[in-house]
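# What the coordinates show
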Amino acid sequence: MIFRKPRPIMPVPPEPVIPRSTSVPSFATWPADGIAGRIGRGDHAGEWVIAWCDDTPFVPPFGYHLIALEDELLRDDGSPLLVSGCSDEERPDGGGLIDLLTEELDVTWSIDHDDFLAADAAWNEAFQREVDEQREQKGLPPFSWEVTPNPPKEESGRFVRWLTNLRR
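In this report, the structure presented in the accompanying data block is examined. None of the values given here were measured: they were computed from a predicted structure. (Residues numbered from 1 in each chain as written. Predicted model: local features only at pLDDT ≥ 70, side-chain atom pairs only at ≥ 80, totals over all residues. Heavy atoms only, no water.)

### Regarding the overall build of the protein chain
Operational definition: Under the DSSP-based scheme used, a helix requires at least four consecutive residues in state H or I and a strand at least two consecutive residues in state E, with every element numbered from the N terminus. By definition, residues are in contact when any of their heavy atoms lie within 4.5 Å.
Scanning the protein chain for helices and strands turns up 3 helices and 7 strands. In the protein chain, the order of α-helices and β-strands from amino to carboxyl end is β-β-β-β-β-β-α-β-α-α. If you take every contact in the protein chain between residues at least 6 apart in sequence, the share linking residues at least 24 apart comes to 58%.

This is how it looks when you write it as structure tokens:
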């Protein structure tokens, strides 16, 4: 029988508390789908970002996913900030990822459903471009979006990463 020395128990550092941003609309005011915002600073200034509500909105804890047109958003200094598709939930003791994103990139949020639809359309266009580029790299013809409006999501690396983040 081999006896091993027990591994030391490493304490888990506490998660940093992110301060709430006054620029993020109260969760109670969000439409059922979510909200959209425009990035105000950085490499992606002017682009849309979406805070997509979970399938069961307004059931505590209130959860959402942050979707950006790019796979990764960076801080002003070039360090990683967030990955598109990351999820979070309302936190009673402080802010969440939406507050971090808002403060770091000066996001202006809107609870107007028309803005949400415009941001969703922009994301779909970026998604279609990505799928067509990936098909072209594989030597496949572009996908016929008019004939089959449902995108071949399994071909998109962004969709796979987003889905993987949902499962965590």
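Text resumes after the structure shown.
### Digging into the packing of aromatic side chains
Each aromatic ring pair is characterised by the separation of its centres together with the angle its planes make. Operational definition: Put simply, two rings from Phe, Tyr or Trp (the six-membered ring, in Trp's case) pair if the centres are within 6.5 Å, and we call them stacked under 30 degrees between planes, edge-to-face over 60, tilted for the rest. The buried label goes to any residue with under 20% of its type's maximum accessible area, the exposed label to any with over 50%, and the partly exposed label to all in between, with areas taken from a 1.4 Å probe on protein chains only.
This structure, assessed with the given rule, holds 5 aromatic pairs. On the basis of an interplanar angle of 80° and a centroid distance of 5.8 Å, the ring pair of W52 and F116 is categorised as edge-to-face. Placement of W52 in strand 2 (residues 48–53) and of F116 in helix 2 (residues 113–137) is noted, with a sequence separation of 64 residues between them. Residue classification places F116 among the buried residues on the basis of a relative accessible area of 3%. By the ring-pair criterion, three or more aromatic residues cluster together here, those being F27, W30 and Y64.

### As for the sheet that holds strand 3 (residues 63–68)
Sheet strands pair by backbone hydrogen bonding; their relative direction is either parallel or antiparallel. Convention followed: Between any two strands, pairing holds if DSSP finds at least two bridges. Angular values range over 0 to 180 degrees, each being the angle between N-to-C directions of two axes fitted as lines to C-alpha atoms, with helices fitted over their stretch in contact.
Within the open sheet, the 5 strands sit side by side as 6-3-2-1-7. Their pairing is antiparallel. Because the sheet does not close on itself, it has two edges, and the strands there are strand 6 (86–89) and strand 7 (108–110). Looking at each pair of strands side by side, their axes are set apart by 25° on average, direction ignored. Bridge count for strand 2 against strand 3 is 5 bridges, and the pairing is antiparallel. Note on strand 3: the bridge partner recorded for I50 is I67. Strands in contact with helix 1 (residues 97–105) are strand 1 (34–38), strand 2, strand 3, strand 6 and strand 7; relative to strand 3, the strand with the most contacts, it is inclined by about 35°. The strands touched by helix 2 within the sheet are strand 1, strand 2, strand 3 and strand 7, with strand 2 carrying the most contacts at an inclination of about 110°.

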